[in-house]
Number of protein chains: 2
Amino acid sequence: MSNPPLRLSPTECTCFRVRGAARRVTQIYSRHLAPTGLKISQFSLLGFVSAEGPVSIGRLSDLLATDRTTLTRNLNPLLKSGLVERSVSDDKRRHELAATLAGRAMFKRALPLWAAAEQEVRTAMGAKLTSDLHGALERSMEKLATL
Amino acid sequence: MSNPPLRLSPTECTCFRVRGAARRVTQIYSRHLAPTGLKISQFSLLGFVSAEGPVSIGRLSDLLATDRTTLTRNLNPLLKSGLVERSVSDDKRRHELAATLAGRAMFKRALPLWAAAEQEVRTAMGAKLTSDLHGALERSMEKLATL
DNA sequence: AGCACGAACGTGTATATGCACTCAAAATCT
DNA sequence: AGATTTTGAGTGCATATACACGTTCGTGCT
């Protein structure tokens, strides 16, 4: 399987393209979520914390495929606004995180706004392209997981 | 064309997936570029500035599909390390940017490292998936461009 | 019990990202 | 020419991202 020579135009850079797509998509979701005051990352984080009950940073790091130290900081806004609570578990190294009542209420409120964003994106792309994109992303992440 | 009801699992979130992919891919390229001291964004930026000769922030913003104010800040490391120079054009509002000699040399040095990263990613994904991913991303960006 | 190792987490530092706001200069209108 | 609008760019603020390093605590070994 010989590969064609890599052309060096930056648009051929997989990293450049994926990052650009992330920027674009982020903007769209942000616009929809703006009324809640939640950023898209906070929405995801709050969703996982709500769903997973008391959960540690380390586990969240696995679930979200995000660096542990990034999560520590991303949690700050949620802690400050009282949407998430932090407690120490039996293992005193571990910090358990749980959504507060306000947190769960906020997530419920944000959910339809997220759905609207998702719908807008999927409608714009169409069913086929949506499926293609998600499929390609999922398979790519599998292949790149061990690098 | 009725869409199936959106399941609300966060993994069904296009934004979540694209952002996750961007994080993963970024890590891989970063590892390769580390010896140069360049971040992947700086590499892209330096590449465009080198290729486009004297170029304004606004034009770079279009080329890179990145917010103008983000570029202003992303340029700082490159200016500080003397890889890029800033000058004022005839239109005194416009700031022209150009790669210095050191900048062009640095880009040349980084290019094979970028190519190695790109090659590693493409090899891991295989030709078909690479093509699928790029195609899906390109078409998606077209569809989402006007939202 | 005491020690060595690994696990879980936070901090320092640096970059990336973009919205709202402001400033200065060019272009256009009257 | 003078006033208004438009354009190009920087700053303040807040968040997102992750590597290197340090700290604390559990675990297992002797």
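Keep in mind that what you see is a predicted model, and the values were worked out from it rather than measured.

Parameters and conventions
Residues numbered from 1 in each chain as written. Chains lettered and ligands numbered in written order. Predicted model: local features only at pLDDT ≥ 70, side-chain atom pairs only at ≥ 80, totals over all residues. Heavy atoms only, no water. Helix = DSSP H or I, 4+ residues; strand = E, 2+ residues; numbered from the N terminus. Buried < 20%, exposed > 50% of the residue type's maximum accessible area, 1.4 Å probe, protein only. Contact = heavy atoms within 4.5 Å. Areas by Shrake-Rupley, 256 points an atom, 1.4 Å probe, with all protein chains shown as cover. Lys, Arg positive; Asp, Glu negative; His and termini not counted. Charge placed at Lys NZ, Arg CZ, Asp CG, Glu CD. Salt bridge = Lys/Arg side-chain N within 4 Å of Asp/Glu carboxyl O. Least-squares fit on C-alpha atoms with pLDDT ≥ 70 in both. Polar contact = N/O pair within 3.5 Å; in protein donor to acceptor, adjacent residues only side chain to side chain. Expected span 1.5 Å × (residues − 1). Pairing = 2+ DSSP bridges. Axes fitted to C-alpha atoms, helices over the stretch in contact; angles between N-to-C directions. Near = heavy atom within 4 Å. Nonpolar A, V, L, I, M, F, W, Y, C, P; charged D, E, K, R; others polar.

Trainee: Just give me the short version of the overall build of chain A, but keep the residues and values in it.
Mentor: Along its length, chain A carries 5 helices and 3 strands. Taken from the N to the C terminus, the helices and strands of chain A come in the order α-α-β-α-α-β-β-α. Judged by the C-alpha coordinates and their principal axes, chain A covers about 55 × 35 × 25 Å. When the 147 residues of chain A are sorted by exposure, 44% land in the buried category. Long-range contacts, defined here as pairs at least 24 residues apart, represent 51% of the contacts in chain A between residues at least 6 apart. For chain A, the accessible surface area stands at approximately 7800 Å², while carbon and sulfur atoms represent 55% of it. Across chain A, 22 positive and 13 negative side-chain charges occur, with their mean positions spaced 6 Å apart.

Trainee: If you had to explain the pattern of salt bridges to someone new, which residues and values would you point to?
Mentor: If charged atoms from side chains of opposite charge come close, those side chains can pair. Residues and elements named next belong to chain B. Per the counting criterion, the structure on display carries 16 salt bridges over all chains. Here R31 and E120 are joined by a salt bridge, their closest N and O atoms 3.8 Å apart. Taken as a pair, R31 in helix α1 (residues 14–33) and E120 in helix α5 (residues 101–144) lie far apart in primary sequence, 89 residues in all. R31 sits in the partly exposed class, given a relative accessible area of 43%. Judged by its relative accessible area of 22%, E120 is partly exposed.

Trainee: I'd like a rundown of the relation of the copies chain A and chain B, residues and numbers included.
Mentor: Rotating chain A by 180° and translating it 0.0 Å along the rotation axis places it on chain B, where the RMSD comes to 0.0 Å. One copy is carried onto the other by what is essentially a two-fold rotation axis.

Trainee: Run through the side chain of T14 of chain A, naming residues and quoting values.
Mentor: Mapping T14 of chain A onto the fold places it in helix α1 (residues 14–33). Of note is the side chain of T14 of chain A, whose polar atom sits 2.6 Å from the side chain of E118 of chain B. Not counting residues within four places of it along the chain, the set of residues in contact with T14 of chain A comprises V25, Y29, E118, V121, R122, L133 and H134 of chain B.

Trainee: Would you mind going over α1 of chain A in detail, with residue names and values included?
Mentor: Here α1 of chain A spans 28 Å end to end across 20 residues, near enough to the 28 Å set by a 1.5 Å rise per residue. Of all the 20 residues making up α1 of chain A, 15 are buried; the element is thus mostly covered by neighbouring parts of the structure.

Trainee: How would you summarise the sheet that holds strand β2 (residues 84–88) of chain B if you had to cite specific residues and measurements?
Mentor: Residue and element names in this part refer to chain B. Taking strand neighbours across the sheet as the criterion, the 3 strands line up as β1-β3-β2 in an open arrangement whose pairing is antiparallel. The sheet is open, and its two edges are formed by β1 (55–56) and β2, each paired on a single side. Sheet analysis places β2 next to strand β3 (residues 95–99), joined by 5 bridges and oriented antiparallel. Bridged to R86 within β3 is L97. In the packing of helix α2 (residues 40–52) onto the sheet, the strands contacted are β1, β2 and β3, and the crossing angle to β3 comes to about 100°.

Trainee: Account for the protein's contact with DNA strand C, with residues named and values stated.
Mentor: Surveying the vicinity of DNA strand C reveals 28 residues, the closest of which are G58, R68, T72, R73 and R86 of chain A. Here the atoms of DNA strand C within 4 Å of the protein split so that 58% fall in sugar or phosphate, with bases taking the remainder. A distance of 2.7 Å separates a phosphate oxygen of DNA strand C from a polar side-chain atom of T72 of chain A. Of all the elements in the fold, those that place two or more residues in the surface near DNA strand C are α1, α3 (57–64) and α4 (68–80) of chain A together with α2 and α4 (68–80) of chain B. Classifying every residue of the surface near DNA strand C gives 2 nonpolar, 12 polar and 14 charged.

All we've got here are geometric facts, nothing functional implied.
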